[in-house]
There are 2 protein chains.
Amino acid sequence: MGVRKKTVQGFPEKTLSLEVLEELSGMCRKARGEVLTMTTLAKSGHPGGSLSSMEMYMLAYGVAEISPENCETLERDFLVIDHGHTSPGAYAALGAWGFVDSSEAVAHFRQCGSCFSGHVERSVPGIDWGTGNLGQGLAAAVGYALALRARGISKRVYALMGDGGQVKGQIAEARRIAAKEKLGNITVLVDYNNIQISGTLDQIMPFDIRKLWEADGWEVTECDGHDLQALYAALREASSSPTPRVILCRTVMGKGVSFMENTPEYHGKPLSGEQYLEAMKELGLAPYLEEASLRRSRNTPPKGREIPRYPVHVDTGTPRLYEASEKTDNRSAFGNALGDLGKRNPSGGKNTPLLVFDCDLAGSVKTSGFAKALPEGFIQTGIQEHATATVAGAASAGGAVSLWADFGVFGIAETYNQQRLNDCNGANLKLGLTHVGLDVGEDGMTHQSIDYVGLFRNFFGWRLVVPADPNQTDRATRYAFATWGNICLAMGRSKLPVLTREDGTPFYDASYTFEYGAVDLLRDGKDGTIFCMGHMAWRALKARDMLLEKGISPRVVHVPCPLALKDEDIRRYASSGAVLAYEDHSLHTGLGSILASRILSLGYAPAFGALGVSRLGESGVSEDVMAEMGLSPKDVAARFAALLKA
Amino acid sequence: MGVRKKTVQGFPEKTLSLEVLEELSGMCRKARGEVLTMTTLAKSGHPGGSLSSMEMYMLAYGVAEISPENCETLERDFLVIDHGHTSPGAYAALGAWGFVDSSEAVAHFRQCGSCFSGHVERSVPGIDWGTGNLGQGLAAAVGYALALRARGISKRVYALMGDGGQVKGQIAEARRIAAKEKLGNITVLVDYNNIQISGTLDQIMPFDIRKLWEADGWEVTECDGHDLQALYAALREASSSPTPRVILCRTVMGKGVSFMENTPEYHGKPLSGEQYLEAMKELGLAPYLEEASLRRSRNTPPKGREIPRYPVHVDTGTPRLYEASEKTDNRSAFGNALGDLGKRNPSGGKNTPLLVFDCDLAGSVKTSGFAKALPEGFIQTGIQEHATATVAGAASAGGAVSLWADFGVFGIAETYNQQRLNDCNGANLKLGLTHVGLDVGEDGMTHQSIDYVGLFRNFFGWRLVVPADPNQTDRATRYAFATWGNICLAMGRSKLPVLTREDGTPFYDASYTFEYGAVDLLRDGKDGTIFCMGHMAWRALKARDMLLEKGISPRVVHVPCPLALKDEDIRRYASSGAVLAYEDHSLHTGLGSILASRILSLGYAPAFGALGVSRLGESGVSEDVMAEMGLSPKDVAARFAALLKA
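Computed from a predicted structure; not experimentally measured. (Residues numbered from 1 in each chain as written. Chains lettered and ligands numbered in written order. Predicted model: local features only at pLDDT ≥ 70, side-chain atom pairs only at ≥ 80, totals over all residues. Heavy atoms only, no water.)

*Asks:* Looking at this structure, how should I read the overall build of chain A?
*Replies:* Per the secondary structure count, chain A includes 25 helices and 20 strands. With the C-alpha coordinates aligned to their principal axes, the bounding extent of chain A is approximately 90 × 50 × 45 Å. Burial statistics for chain A: of 646 residues in total, 70% are counted as buried. Sequence-distant contacts, at least 24 apart, represent 79% of the contacts inside chain A between residues at least 6 apart. (Helix = DSSP H or I, 4+ residues; strand = E, 2+ residues; numbered from the N terminus. Buried < 20%, exposed > 50% of the residue type's maximum accessible area, 1.4 Å probe, protein only. Contact = heavy atoms within 4.5 Å.)

*Asks:* Hey, could you run me through the nonpolar core in this one?
*Replies:* Considering soluble globular proteins, one finds that nonpolar side chains tend to be buried as a cluster. Among the nonpolar cores identified, the biggest contains 188 residues, and A:Val188, A:Trp213, A:Tyr452, B:Val188, B:Trp213 and B:Tyr452 are the most heavily contacted of them. Every residue in contact with A:Trp213, bar those within four places of it in the chain, is listed here: A:Leu138, A:Met161, A:Gln166, A:Ile171, A:Arg175, A:Val188, A:Val190, A:Trp218, A:Val220 and A:Val246. With 67 residues, the next largest nonpolar core counts A:Val35, A:Met38, A:Leu160 and A:Leu271 among its residues. (Core = buried A, V, L, I, M, F, W, Y, C linked by side-chain atoms within 4.5 Å.)

*Asks:* Looking at this structure, how should I read the relation of the copies chain A and chain B?
*Replies:* The operation relating the two chain copies consists of a rotation about an axis and a shift along that axis. For these two chains of identical sequence, chain A goes onto chain B by a turn of 180 degrees and a shift of 0.0 Å along the axis, with RMSD 0.0 Å. What the rotation and shift describe, once combined, is the action of a two-fold rotation axis. No C-alpha of chain A approaches the rotation axis more nearly than that of A:Gly169, which lies at 1.8 Å. Same-surface contact between copies: 100% of interface residues of chain A are shared with the interface of chain B. (Least-squares fit on C-alpha atoms with pLDDT ≥ 70 in both.)

*Asks:* Whenever I open this one, the packing of helix H21 (residues 537-549) of chain A against helix H25 (residues 633-645) of chain A confuses me. Can you help?
*Replies:* Relative placement of two packed helices is described by the angle separating their axes and the distance separating the axes. Residues and elements named next belong to chain A. Interaxial distance between H21 and H25 falls to 8 Å at its minimum, and their mutual angle equals 55 degrees. Of the possible angle classes, the one that applies to H21 and H25 is oblique. Of the two elements, H21 crosses H25, and the hand of that crossing is right-handed. Contacts between H21 and H25 pair Arg539, Lys542, Ala543, Met546 and Leu547 from the former with Pro633, Lys634, Val636, Ala637, Phe640 and Ala641 from the latter. (Axes fitted to C-alpha atoms, helices over the stretch in contact; angles between N-to-C directions. Parallel < 35°, antiparallel > 145°, perpendicular 65-115°, else oblique. Left-handed = near helix turned anticlockwise from the far one by under 90°.)

*Asks:* Is there a simple way to explain the pattern of salt bridges in this structure?
*Replies:* Close approach of charged atoms allows side chains with opposite charge to pair. Inspection of the entire model under this criterion finds 68 salt bridges over all chains. Notably, a salt bridge pairs A:Arg331 with A:Asp329, separated by 3.6 Å at the nearest N-O pair. We note that A:Arg331, like A:Asp329, is buried. The salt bridge involving B:Arg110 is made with A:Asp443; its shortest N-O contact spans 3.2 Å. Of this pair, B:Arg110 sits in the loop between helix H5 (102-108) and helix H6 (137-150) while A:Asp443 sits in the loop between strand E12 (429-434) and helix H19 (452-456), on two different chains. Sharing partners across several salt bridges, the network here consists of A:Arg320, A:Asp340, A:Asp474, A:Arg475 and A:Arg478. (Salt bridge = Lys/Arg side-chain N within 4 Å of Asp/Glu carboxyl O.)

*Asks:* Teacher, can you tell me more about the environment of B:Thr40 here?
*Replies:* Within the secondary structure, B:Thr40 sits in helix H1 (residues 18-42). B:Thr40 sits 233 residues away from B:Gly273 along the chain, and the two C-alpha atoms are 7.1 Å apart.

*Asks:* Would you mind going over the packing of aromatic side chains with me for this structure?
*Replies:* Residues and elements named next belong to chain A. This model, assessed by the stated rule, comprises 33 aromatic pairs over all chains. Seen from their ring centres, Tyr416 and Phe459 are 5.0 Å apart, and the 20 degrees between their planes marks the pair as stacked. With Tyr416 in helix H18 (residues 416-424) and Phe459 in the loop between H19 and strand E13 (463-465), this residue pair connects regions lying 43 residues apart in the sequence. Both residues of the pair, Tyr416 and Phe459, belong to the buried class. Ring geometry for Tyr479 versus Phe514: centroids 4.7 Å apart, planes at 55 degrees, classification tilted. (Phe/Tyr/Trp six-rings, centres within 6.5 Å; stacked < 30°, edge-to-face > 60°.)

*Asks:* Help me understand the sheet that holds E13(A) in this model?
*Replies:* Across a sheet, paired strands are connected by hydrogen bonds in the backbone, their directions being either parallel or antiparallel. Residues and elements named next belong to chain A. One open sheet holds the six strands; their spatial order is E10-E9-E11-E12-E14-E13, and the pairing between them is parallel. Each having just a single partner strand, strand E10 (378-380) and E13 make up the two edges of the open sheet. The average angle at which neighbouring strand axes cross in this sheet is 20 degrees, direction not considered. Pairing geometry for E12 and strand E14 (residues 487-490), over four bridges, is parallel. Across the sheet, Leu431 pairs through a bridge with Cys488, a residue of E14. Here helix H16 (residues 385-397) sits on the sheet in contact with strand E9 (354-358), strand E11 (401-407) and E12, set at roughly 155 degrees to E11. (Pairing = 2+ DSSP bridges.)

*Asks:* What am I meant to see in a negative patch on the surface here?
*Replies:* Taken together, A:Glu502, A:Asp503, A:Asp545 and A:Glu549 make up a surface patch of like negative charges. In this structure A:Glu502 comes out as exposed when scored by relative accessible area, which is 64%. (Patch = residues over 30% accessible without salt bridge, like charges linked within 9 Å, V, L, I, M, F, W, Y side chains within 5 Å. Areas by Shrake-Rupley, 256 points an atom, 1.4 Å probe, with all protein chains shown as cover. Lys, Arg positive; Asp, Glu negative; His and termini not counted. Charge placed at Lys NZ, Arg CZ, Asp CG, Glu CD.)

*Asks:* Before we go on, may I ask you to explain the interface of chain A and chain B in this structure?
*Replies:* How large an interface is tends to be reported as the accessible area lost when its parts come together. Of the residues lining the interface, 94 residues belong to chain A; the matching set on chain B comes to 94 residues. Viewed at the interface, chain B and chain A are joined by eight salt bridges. Taking the shortest distance from any N to any O, the salt bridge between B:Lys168 and A:Glu414 comes out at 2.6 Å. Taken together, the links from chain A to chain B amount to 46 residue pairs in polar contact (both at pLDDT 80 or more). Considering only residue class, the side of chain A that touches chain B consists of 35 nonpolar, 38 polar and 21 charged. (Polar contact = N/O pair within 3.5 Å; in protein donor to acceptor, adjacent residues only side chain to side chain. Nonpolar A, V, L, I, M, F, W, Y, C, P; charged D, E, K, R; others polar.)

*Asks:* How do you make sense of the packing of helix H23 (residues 591-601) of chain A against helix H23 (residues 591-601) of chain B when you look at a structure like this?
*Replies:* Between H23(A) and H23(B), the shortest axis-to-axis distance is 8 Å and the interhelical angle comes to 85 degrees. Considered as vectors, H23(A) and H23(B) are oriented roughly perpendicular to each other. Of the residues in H23(B), those touching H23(A) at A:Ser593, A:Ala596, A:Ser597, A:Ile599 and A:Leu600 are B:Ser593, B:Ala596, B:Ser597, B:Ile599 and B:Leu600. Taken together, the residues of the contact of H23(A) with H23(B) sort by class into six nonpolar, four polar and no charged.

*Asks:* Hey, could you run me through helix H4 (residues 87-96) of chain A in this one?
*Replies:* Structural remark: α-helix, 3.6 residues per turn; residues separated by three or four positions point the same way. Most of H4(A) sits out of view: 10 of its 10 residues are buried. In the segment just after H4(A), A:Gly98 is the residue with positive phi, at about 85 degrees.

*Asks:* For this particular structure, what's the right way to read the environment of A:Ala427?
*Replies:* Residue and element names in this part refer to chain A. Its place among the elements puts Ala427 in the loop between H18 and E12. Residue Ala427 is classed as buried on the basis of its relative accessible area, which comes to 2%. Each C-alpha atom of the pair Ala427 and Thr390 lies 9.9 Å from the other, and the pair is 37 residues apart in sequence. Beyond its immediate chain neighbours, meaning those up to four positions away, Ala427 contacts Trp129, Gly393, Ser396, Asn422, Trp484, Gly485 and Asn486.

Structure below.
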């Protein structure tokens, strides 16, 4: 793969020279041919928007300080594509600048096993955020911009967007965060071709694009999105704006091929073989569909790169030990640990900067201590959860360690698809969910996060930790910051007793180290096992006491990592006898369901039961709501005793 | 419970008379006392915003044509509360107008088992939409307004909102839908007290409220939200506006109690006993905390009403029979059935009006036929899925039958929390998910809806149908429209063979009736069972053919309703021998996981295996992507044979 020396980078000149203009123009023409060849060959893809975005792609990847050499590092500009379906345009531009081999992209576009996917993914060098679900790109750009600022790096973030998706509400949220944080280091380019899948913007959903951006405090300029000189001038001007700025690039869908221009049909439809020949002729290019086709069938599709990970240095401090006599809630233990982290990792030091995000719930989710210890690392984003989830995720991919804390219903139920894309993008987000389960207090059904395990089970990368008491919470919080990856800590609202051994000393004591995937044998026994999760652990121990009085001695095993149960623990604790799962979570999708699948798949057949949330819950004091749901310790004892008899 | 005759209703007079003003003012004063009494008694709740919204609540419930008598019917105004946490204010106003017994609300607020929940729910008469997760209320109001229009009813919808939550992106989406649809029958009142949980609006997330609404085409007026006369004038003027209008009500957080006014602390904090006495004194009211407390402890909490359901009349027409020789995709069969429904249920007729919602994907999700047959029932909402999910849900609760069709990743992953609230609200939404599983074509991981079963499993009310072929799709679509409740149909993208019996005739033939929860014994056998779901059914039959060649004869059972498996079917088909689950869905959360839980809970121990999606998928032709994932018929045959040997 030949690496092209950039003809443009940054804005050293006021205008582009004629030579450069001519070269760029030639690159665009060649790239248009590649867009048509790859989509015709793959018989799918989105040529129309790829052609209208072509000059935007070519020039943005040109002026941005991103190169094949630095795109794995953090000391550079970033570029986020929101309209991920125009991937052919992106791949062609990346090819022109030497990030990828154009002919590989052309040959292996949308082929199983190739990195040149239908929508852009980070496995392609130069792609900083995988998108395709519209509306998340701007928030990702905001996250990168915040990470740059936190790291003290004067680089820019470019975000490229389509126009149809401008009406996604998440974009407005991201705009406001950028404006509040005065992120002058973001430039947005909108491919304003006025056409979306089913027709013109006005036919589908009318909106005043300029007013929308201006209402949220952005500067708006316009230019002809196919005029490279005008586009350069707009980008150059934006680069010195102290305010985030959007450039509305007036473009033509299908630009460059007469019969494709302004035709909605070509939004998502490739050309026929005949049309392809005609189009290439118009572009003055020799067709090479057959050559590309041969390559597609003969060669192995390129896998692309591993998603970049960066070394993270966080001083996680000294664990706090909560004594057996103390009673506090897990969220306070989490908040205390966060506060420690804030103190030990001051900004401007050698360590990776910490960013903590809040959606106006700091007092409840206990991030106020961090805000006090490290105010410049605390970002208040208001009641804008969709954007916040993505902003925090992208910030963690951009060299900060970010944490977002929120109630369970907002941090995962409301933002499930944002967390799914954080997973696809291999981010390093820490998510603190509080008020999970029926332990949300009196807020009622709309606030009961009884599905968080069920939601995280759908992801392949996220780790989930549900600590049992303040000591385990403290250790798990520090673990999360020391470990790469998306990690969620889930906590209830109520104060909990510190779990102890039979001798009364803390179970998770000074010698305890949190290990992802390990279970905690809280009490051994000979009559089967009660598996419990999170804030049900102390209740399980209470149930065990009741059973002991009846001469029944169950083991109590706490599962802090329900997604990572080990086969050996299933064999050891769940292969025979009575097994009862006990959780403050939907019966259908939580620990009980996980245990059952694993047990049966391993070929065991214990007497199995599960206690969990079986309907929408009431609004009342958590203890009352749990009792009403049949989840009190005496319910557990009764159910376990019944299982033994069965 | 005494029923108060309304002093105001509609806008017969230009201004309120002094007598009426005095009466309303007295009602507000008494209601303020109730807010304070119930929150102090419950030791939780949100008094601050309840007091600032008080005149809005009292007057809106007054002028709106909603009464204790008509609130179970559809021929009336509707009123949606977005800031559901100000429930004490709503309950007190509803008490004043005779919808509920105020003293019951005061005594049983936030008590387990009571309908007077922390956030408003539909079990309280006069509450038209349960909220609490901010941002969904306006979309619900838009849904009701569309349903009114579709039913040809000239009534209004009032939406009451707080100010802090104005930044939720979903609100902007809903505004645009209202403006596009010219819903002059909506009036919005914003409680503009300028304070949210952690401080003033400007401190948390600055925004220009007027610009936001105006940018989306709304008329904006302002008034003093505590001046009943001014509020009446603003409401009256809005009632004759052809354009949707928002009234920014300038209010004071904690209004009426000097030490609560403009104090963020009282957003979510009740008064102490001492403060309560002082506050009641200021309001000129006798305290009655003890009396209310006695009542709370002695009486059974009131359960409230059943969520209203309305008779629905839809002509579902004659099933279409797809012959064995035809090959089409399920989404086209769905679209054809929809088209039939559109033709058979013209607007203006006796039948319940149909509304079909589209987020700019009609061509792909096959709702274009309906749009042609019944254009006035087809609502294009643009790429605004969050609002659309709620709009469609509320429209179905407002007397239309609504359907929203979208790709799986948008219809459930992106809008999980909206569908969760549609569940809480007992709506009657039909959801058509297309492109589910790896069968999305070449779009890649961001578009692979491999979690939809896992997501719906978390709900307690939604029904989910995953049809196996075009014939079952046709029947299930008609079933969904004839049956009350939220029902989802999930379909892949590719063309499928029509399933047949061994004699070559269609399996789901003219005599077939779709029954929710029933499984389909596609082929009997004596060597165990392959359970399959949706578009994997024909592949399972192909695997069976391969196994037959090796002398192995598995049963093939199709499960179209994975959330409603019957115990008897588990016993009959999965209690012993080899059992293999086979699905185009995450291995962790779909059919396999459901089967395992149910099998183990029923005490059976077959040799169990599961084949499904085990990682993020590739971008390529669906068959290739499935093969790469190990989900081709030969993988099934191999795995089943291995299970038999185990």
